[in-house]
Amino acid sequence: MTTTQTPVEHLDVLVVGAGISGIGAGRYLKTELPAKSFAILEARAASGGTWDLFRYPGIRSDSDLHTFGYEFKPWRDEQSIADAPRILEYLRETVAENGLDAHIRYHHRVLAAAWSTAEARWLVDVERTDTGERLQLSAGWLFCAGGPRTSTTPASGCW
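Below: a short report on this structure.

Scoring rules and cut-offs
- Residues numbered from 1 in each chain as written.
- Predicted model: local features only at pLDDT ≥ 70, side-chain atom pairs only at ≥ 80, totals over all residues.
- Heavy atoms only, no water.
- Phe/Tyr/Trp six-rings, centres within 6.5 Å; stacked < 30°, edge-to-face > 60°.
- Helix = DSSP H or I, 4+ residues; strand = E, 2+ residues; numbered from the N terminus.
- Buried < 20%, exposed > 50% of the residue type's maximum accessible area, 1.4 Å probe, protein only.
- Pairing = 2+ DSSP bridges.
- Axes fitted to C-alpha atoms, helices over the stretch in contact; angles between N-to-C directions.
- Contact = heavy atoms within 4.5 Å.
- Core = buried A, V, L, I, M, F, W, Y, C linked by side-chain atoms within 4.5 Å.
- Salt bridge = Lys/Arg side-chain N within 4 Å of Asp/Glu carboxyl O.

Points about the packing of aromatic side chains
So, step 1. Overall, the coordinates contain six aromatic pairs when judged by the stated rule.
So, step 2. When the centroid spacing of 4.7 Å and the interplanar angle of 15 degrees are considered together, the rings of Tyr70 and Phe72 count as stacked.
So, step 3. The interplanar angle of 70 degrees and the centroid separation of 5.1 Å between the aromatic rings of Trp75 and Tyr90 together place this pair among those described as edge-to-face. Highlighted residues: Trp75 in the loop between helix H3 (65–68) and helix H4 (84–97) and Tyr90 in helix H4, separated in sequence by 15 residues.
So, step 4. Since its relative accessible area comes to 6%, Trp75 is described here as buried.

Here it is, written out as structure tokens:
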């Protein structure tokens, strides 16, 4: 009996998380290193990280968004201590303005990552949260952009 194994897709960079850090990393990869291939893996069905995940009344930033915002997209809202909907709108505008949706792979939860010295690359085990499918990706660089409130599972840590 012959079994066929799905080939491992290789990317130059894998970014884990489509929140503030992951969106920023994606924008810099696209503009500063346009020849590099990359994907942003997001376990959930939406970008925005904390600002999309938490929906309780009154959620807002405790940081001044004029200094917390991206250098490449200054915060223009008059309200510097902004609520979650305004921050989420800012993040989603950033994704749209920079064409990052094509790079975000929703429903892709990182289960494990291991460095292969022999191949000089990361091997990343991923689960599709919408289908349960398991796949493996490889990358020369692995950038963990999971914020502090992403999960308590070991797979949410940085490698």
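Here's the deal with the sheet that holds strand E6 (residues 134–144)
So, step 1. Pairing is mixed across the open sheet formed by six strands, whose spatial order is E3-E2-E1-E6-E5-E4. Lying at the two open borders of the sheet, with one neighbouring strand each, are strand E3 (104–106) and strand E4 (108–116). Each adjacent strand pair in this sheet contributes to an overall mean axis angle of 45 degrees, direction not counted.
So, step 2. With six bridges connecting them, strand E5 (residues 121–128) and E6 associate as antiparallel partners. Bridge pairing links Leu123 to Ser138 in E6.
So, step 3. Docked against the sheet, helix H1 (residues 20–32) engages strand E1 (9–16), strand E2 (38–42) and E6, running at close to 170 degrees with respect to E2.

Some details on the nonpolar core
So, step 1. Val15, Trp51, Ile87 and Leu91 are the most contacted members of the largest nonpolar core, which totals 23 residues.
So, step 2. Elements with a minimum of two residues in this core: E1, H1, E2 and H4.
So, step 3. Looking at which element gives the most residues to this core, the answer is H4, with six residues.
So, step 4. Other than its neighbours up to four places away in sequence, Val15 contacts Gly22, Ala25, Leu29, Ala39, Ile40, Leu41, Phe143 and Ala145.
So, step 5. Among the nonpolar cores identified, the runner-up in size contains 13 residues, and Val16, Val110, Ala113 and Ala139 belong to it.

Let's talk about the pairing of E4
So, step 1. Taken together, the eight bridges between E4 and E5 define a ladder with antiparallel strand orientation. The residue of E5 that forms the bridge with Ala112 is Asp125.
So, step 2. In sequence, E4 turns back onto E5 through a hairpin of four residues, with Ala120 there showing a positive phi of about 55 degrees.

Structural notes on the pattern of salt bridges
So, step 1. Evaluation of the coordinates by the stated rule reveals nine salt bridges.
So, step 2. As a salt-bridge pair, Arg105 and Glu9 come within 2.8 Å of each other at their nearest N and O atoms. Taken together, the residues Arg105 in strand E3 and Glu9 in strand E1 connect sequence positions 96 residues apart.
So, step 3. Between Asp52 and Arg44 there is a salt bridge; the shortest N-O distance is 2.6 Å.
So, step 4. Given the relative accessible area of 4%, Asp52 is considered buried.
So, step 5. One connected set of salt bridges, linked through shared partners, spans Arg44, Asp52, Arg55 and Arg92.

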